[in-house]
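Below are the chains, spelled out letter by letter.
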Amino acid sequence: MQTLEQTREPESPEDELRALMTMASHDLKSPLASVVAHVQMLSEDYGDALGDGFRRDIAAIERGLRRISQLAQDLLQYARADHALDLAPVALRDVVGEVLTDHVAAPDQALVTLDGSWPTVPADAGLLRHVLDNLIGNAIKYAPADTTPQIEVNAVALPGGGVRVEVADNGIGIPESDRARVFDAFHRCANTGNRPGTGLGLAICRRIVEHHGGRIGADDNPGGGTRFWFTLPPADQ
Ligand code: ADP
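About the thresholds
- Residues numbered from 1 in each chain as written.
- Predicted model: local features only at pLDDT ≥ 70, side-chain atom pairs only at ≥ 80, totals over all residues.
- Heavy atoms only, no water.
- Near = heavy atom within 4 Å.
- Polar contact = N/O pair within 3.5 Å; in protein donor to acceptor, adjacent residues only side chain to side chain.
- Areas by Shrake-Rupley, 256 points an atom, 1.4 Å probe, with all protein chains shown as cover.
- Helix = DSSP H or I, 4+ residues; strand = E, 2+ residues; numbered from the N terminus.
- Nonpolar A, V, L, I, M, F, W, Y, C, P; charged D, E, K, R; others polar.
- Salt bridge = Lys/Arg side-chain N within 4 Å of Asp/Glu carboxyl O.
- Buried < 20%, exposed > 50% of the residue type's maximum accessible area, 1.4 Å probe, protein only.
- Patch = residues over 30% accessible without salt bridge, like charges linked within 9 Å, V, L, I, M, F, W, Y side chains within 5 Å.
- Phe/Tyr/Trp six-rings, centres within 6.5 Å; stacked < 30°, edge-to-face > 60°.
- Lys NZ or Arg CZ within 6 Å of the ring centre and 35° of its normal.
- Axes fitted to C-alpha atoms, helices over the stretch in contact; angles between N-to-C directions.
- Parallel < 35°, antiparallel > 145°, perpendicular 65-115°, else oblique.
- Left-handed = near helix turned anticlockwise from the far one by under 90°.
- Contact = heavy atoms within 4.5 Å.

J.: Quick question: what am I supposed to make of the site of the ligand here?
T.: Neighbouring the ligand are 20 residues; Tyr 142, Asp 169, Arg 188, Thr 192 and Leu 202 lie closest to it. Between an oxygen atom of the ligand and a side-chain N or O atom of Tyr 142, the distance comes to 2.6 Å. Between an oxygen atom of the ligand and a main-chain N or O atom of Gly 199, the distance comes to 3.1 Å. When the ligand sits alone it has 520 Å² of accessible area, and the protein chains cover 98% of it. Taken together, the elements giving at least two residues each to the shell around the ligand come down to helix 4 (125-141), helix 5 (201-211) and strand 7 (226-232). In terms of residue class, the shell around the ligand is made up of eight nonpolar, nine polar and three charged.

J.: Is there a simple way to think about the pattern of salt bridges in this case?
T.: Pairing is possible between side chains of opposite charge, provided their charged atoms come close. Taken as a whole and assessed by the stated rule, the structure comprises eleven salt bridges. Here Arg 55 ties to Asp 48 by a salt bridge, and the two come within 4.0 Å at their closest N and O atoms. When its relative accessible area of 37% is taken as the criterion, Arg 55 is described as partly exposed. Close ionic contact of Glu 152 with Arg 227 constitutes a salt bridge, the shortest N to O distance being 3.2 Å. Here Arg 227 lies in strand 7 and Glu 152 lies in strand 4 (residues 150-157), a separation of 75 residues in the sequence. Taking relative accessible area as the criterion, Glu 152 reaches 25% and is therefore assigned partly exposed. For Arg 227, a relative accessible area of 16% puts it in the buried group. Residues joined in a network through salt bridges with shared partners are Glu 152, Arg 164, Glu 166 and Arg 227.

J.: What is the right way to read a nonpolar patch on the surface from this model?
T.: Together, Leu 17, Leu 20 and Met 23 line one region of the surface with nonpolar side chains, adding up to about 320 Å² of accessible area. With respect to the helices and strands, the residue Met 23 is situated in helix 2 (residues 13-80).

J.: Before we go on, may I ask you to explain the packing of aromatic side chains in this structure?
T.: Centre-to-centre distance and the angle between the planes together describe a pair of aromatic rings. Across all of its chains, the model carries one aromatic pair by this definition. Lying across the ring of Tyr 78, Arg 207 places its NZ or CZ 4.2 Å from the centre.

J.: Teacher, can you tell me more about the packing of helix 2 against helix 5 here?
T.: For any two helices packed against each other, one specifies the crossing angle of their axes together with the interaxial distance. Running from N to C, helix 2 and helix 5 cross one another at 155°; their axes reach a closest spacing of 15 Å. Classified by the interaxial angle, the pair formed by helix 2 and helix 5 is roughly antiparallel. Every pair of crossing elements has a handedness; the one defined by helix 2 and helix 5 is left-handed. Facing helix 2, whose interface residues are Arg 18, Asp 74, Gln 77 and Tyr 78, helix 5 presents Ala 203, Ile 204 and Arg 207. Looking at side-chain class alone, the contact of helix 2 with helix 5 contains three nonpolar, one polar and three charged residues.

J.: Mind showing me how you'd approach the packing of helix 3 (residues 92-103) against helix 4 here?
T.: One way to put it is that helix 3 packs onto helix 4 with a least axis distance of 10 Å and a crossing angle of 45°. If you check the angle between helix 3 and helix 4, you find them oblique. Viewed along their axes, helix 3 and helix 4 form a crossing whose handedness is right-handed. Of the residues in helix 4, those in contact with Leu 92, Val 95, Val 96, Glu 98, Val 99, Leu 100, Asp 102 and His 103 of helix 3 are Leu 128, Arg 129, Leu 132, Asp 133, Ile 136, Gly 137 and Ile 140. Each residue belonging to the contact of helix 3 with helix 4 can be placed in one class, and the counts come to nine nonpolar, two polar and four charged.

Spatial relationships are all this shows, so hold off on functional conclusions.
Set out below in structure tokens:
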């Protein structure tokens, strides 16, 4: 009698690693949420009584937990980025609008310009949203300290079909020496300072865009900052 294990196709080491990463990052979510909740309760219940030293330690634990949560979330997204695509027509302008609402709670938090023809594109809406969320989130995060982020998003239909989307900012820019590696997993540029991050966001974007059959890149923005761009092919490619 054949067992299930014997009939299963052997997985490549990369598939196996990805499955393991998905499982580990997924299974980390609920114990982490529980630890975060208990640390918050500790802080609320004893923060006043135990004084400054205790509150400083709790704040450091909370920062560490936030970093671990972000890493678990990013690893999960990275492992999922090349799952089967759920393709459907996506109204790009609506997705950008939603992402901007999430990131820019008040108008003075960022100056946003939208431009272009905003075609509807065949894409996996959830994954495309993730790409725009990362690029727009970075445009805000990597603004120089004490400057209002200026973000320009535009989307144009390409002559042969498909779309090119650009997210430009007035941020700290990408040093020449980091250019080649900026889309590599875990790479963070020399000028990030103490801004939080895992170095996985752009690697996830690249996987998602390439999985759709598109390309992604980053250029200097004339006048300062960076201009990220990506393309998506037309429906029949
Ligand atoms: P992170 O979690 O570090 O933000 P990303 O993969 O999103 O990871 O980005 C990788 C690195 O690229 C960042 O650490 C940062 O150094 C650089 N970077 C990304 N977006 C921008 C931007 N808009 N302006 C300047 N640097 C950026």
